[in-house]
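Summary of the model geometry
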Amino acid sequence: MSEPQDRRAAVTGIGVVAPNGISTDTFWKATHEGLSVLDRVTREGCERLPLKVAGEVRAFDAADTIEERFLVQTDRFTHYAMAAADFALTDARLGQADTDQSPYSIGVVTAAGSGGGEFGQRELQRLWGKGSRFVGPYQSIAWFYAASTGQVSIRRGFKGPCSVVASDEAGGLDALAHAARAVRRGTDAIVAGSTEAPLAPYSVVCQLGYEELSRESEPGRAYRPFTKDACGFVPAEGGAMLVVEAADAARARGADIRAYVAGHAATFTGASRWAESRAGLAQAIRQALAEAACAPEEVDVVFADALGVPAADRAEALAIADALGAHGARVPVTAPKTGTGRGYCAAPVLDTAAAVLAMEHGLIPPTPNVHDVCHDLDLVTGRARVAEPRTALVLSRGLMGSNSALVLRHPSAR
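Residues numbered from 1 in each chain as written. Predicted model: local features only at pLDDT ≥ 70, side-chain atom pairs only at ≥ 80, totals over all residues. Heavy atoms only, no water.

An unreviewed UniProt entry lists the protein chain under the name Ketosynthase chain-length factor, with Streptomyces griseofuscus given as the organism. The Sequence similarities (unreviewed entry) comment attached to the protein chain in UniProt states, word for word, "Belongs to the thiolase-like superfamily. Beta-ketoacyl-ACP synthases family." (UniProt positions renumbered as here; feature names shortened; annotations may be inferred.)

The next thing to look at is the environment of Ala-236. Among the secondary structure elements, Ala-236 is positioned in the loop between α8 (201-207) and β7 (238-246). A relative accessible area of 2% places Ala-236 in the buried class. Residues Ala-236 and Gly-341 lie 105 residues apart in sequence; the distance between their C-alpha atoms is 4.7 Å. Setting aside anything within four residues of it in sequence, one finds Ala-236 in contact with Pro-19, Gly-55, Pro-198, Thr-340, Gly-341, Arg-342 and Gly-343. (Helix = DSSP H or I, 4+ residues; strand = E, 2+ residues; numbered from the N terminus. Buried < 20%, exposed > 50% of the residue type's maximum accessible area, 1.4 Å probe, protein only. Contact = heavy atoms within 4.5 Å.)

Bringing helix α11 (residues 310-324) into the picture now. For α11, with 15 residues, the first-to-last C-alpha span of 21 Å sits near the 21 Å given by 1.5 Å per residue. Burial in α11 covers these residues: Ala-312, Asp-313, Ala-315, Glu-316, Ala-317, Ala-319, Ile-320, Ala-323 and Leu-324. Buried residues along α11 sit against α10 (274-291), β9 (301-303) and β14 (391-397). Phi turns positive one or two residues past the end of α11, at Gly-325, with a value near 65°. (Expected span 1.5 Å × (residues − 1).)

Moving on: the pairing of β7. Here β7 lies mainly inside the structure; nine of its nine residues are buried. In the sheet, strand β1 (residues 9-17) pairs with β7 via eight bridges, with the strands oriented antiparallel. For Gly-15, the partnering residue across the bridge sits in β7 and is Met-241. As paired elements, strand β6 (residues 189-196) and β7 share eight bridges and run antiparallel to each other. Bridge pairing in β7 links Gly-193 to Met-241. (Pairing = 2+ DSSP bridges.)

With that settled, the discussion passes to the packing of aromatic side chains. On inspection of all chains with the given rule, the structure shows six aromatic pairs. Taking the centre distance of 6.3 Å and the plane angle of 55° together, the rings of Phe-144 and Tyr-145 count as tilted. Geometrically, the ring pair formed by Tyr-210 and Tyr-344 is tilted, given 6.4 Å between the ring centres and 50° between the ring planes. Here Tyr-344 lies in the loop between β10 (332-334) and α12 (346-361) and Tyr-210 lies in the loop between α8 and β7, a separation of 134 residues in the sequence. (Phe/Tyr/Trp six-rings, centres within 6.5 Å; stacked < 30°, edge-to-face > 60°.)

Once that is clear, we can look at the packing of helix α7 (residues 171-185) against α12. Interaxial distance between α7 and α12 falls to 6 Å at its minimum, and their mutual angle equals 60°. Classified by the interaxial angle, the pair formed by α7 and α12 is oblique. Mapping the contact onto sequence places Gly-172, Leu-173 and Leu-176 in α7 and Pro-348, Val-349 and Thr-352 in α12. Split by residue class, the contact of α7 with α12 holds four nonpolar, two polar and no charged. (Axes fitted to C-alpha atoms, helices over the stretch in contact; angles between N-to-C directions. Parallel < 35°, antiparallel > 145°, perpendicular 65-115°, else oblique. Nonpolar A, V, L, I, M, F, W, Y, C, P; charged D, E, K, R; others polar.)

The next point concerns the domain arrangement of the protein chain. Taken as a whole, the protein chain is organised into domain 1 (9-253) and domain 2 (261-409). Computed over C-alpha atoms, the centres of domain 1 and domain 2 are 21 Å apart. In this complex, domain 1 contributes 63 residues to the contact, which on the side of domain 2 involves 64 residues. Between domain 1 and domain 2 the total buried area reaches about 4900 Å² when both faces are included, carbon and sulfur atoms providing 67% of it. Connecting domain 1 to domain 2 are three salt bridges. A salt bridge links Glu-291 to Arg-181, with the nearest nitrogen and oxygen atoms 3.7 Å apart. Taken together, the links from domain 1 to domain 2 amount to 26 residue pairs in polar contact (both at pLDDT 80 or more). Within the residue set of the side of domain 1 that touches domain 2, elements represented by two or more residues are β1, α1 (24-32), β4 (106-112), α7, β6 and β7. The dominant element in the side of domain 1 that touches domain 2, judged by the number of residues it contributes, is α7, at nine residues. (Domains from an automatic or database assignment. Buried area = accessible area lost by both parts, 1.4 Å probe. Salt bridge = Lys/Arg side-chain N within 4 Å of Asp/Glu carboxyl O. Polar contact = N/O pair within 3.5 Å; in protein donor to acceptor, adjacent residues only side chain to side chain.)

The structure is reproduced here in structure tokens:
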């Protein structure tokens, strides 16, 4: 009798383009060292806007890795996605779809909250300033939320299940869950994740409607969740892409299994209803743990949503306690995004990458710029904590009301 197939969803590749690193190694080094790269916004056209601090991706030249024919038809957020996908596929040792590997065995799933604002703004300025003949044909697709999924799949020749999660911040975790479920249903591999580029003038103006957005001008004080001085979140660009692969397919080609996507759940509690998000987030945690067959006390680290709004921070701290019981006050909690900014849908995917790396390296990264914690949490601050996490819980909430929880398991965990 043949052995049953192992369809567990395994992470085999990680690719990062983030404010603190244009590779997984540089991202992890900056993350576990607690480096904060938040700084004044320098994007052209944003100088006089009320948003003063953000996490910008610098020293990134898309032309170094992406062909000109793709660059001219895509926005910055898709440039990040294509580069991060390249890094992830190289890390997983998974190449272009070819005759040795069915193109239908690999798919792409991304999440996006802001789309291609920079590209769209440029073309609309041409429309009103010069006329319709000066608007490029790619305006019809480059701004669209699905652009990154489409361009990564076209460029790489992947013809398996492809989709996009058009959502608020929690969509990043939901995209990884879509990938894991596609793998369990029979697809060999999915390139999944999220990248965002919300720092063009048009995009920033749209964000100014969020009451939760920090207007603080001092980078070290602009994003300090779980403290009495919390004054909102700082936006960021960049993100991460992961290769999520069936465990048996990964082993068959000799790939390294870095972690398992063991459980996920999502709920909805309404826009900016932070008190109600307590129950919704707690329910998502419970359901994700149930899907992972994981007891609350098995959680070794929590990567928090960490919005930086007092009511939201309190609701998250209480949700962790509600879902994990007494263990909630003892489990290490971290929010490394306070050093890079909150990149909307990309933020929880970067947290997922950091969680996988934390389990690999035996280090829980700290929460930059945060010292005076005012909630009943064991928040890791100052410097990385030496540990041996085998189960990580990643949390995310969106400004429009989505709540999501993802459980990751180290390969050595049962």
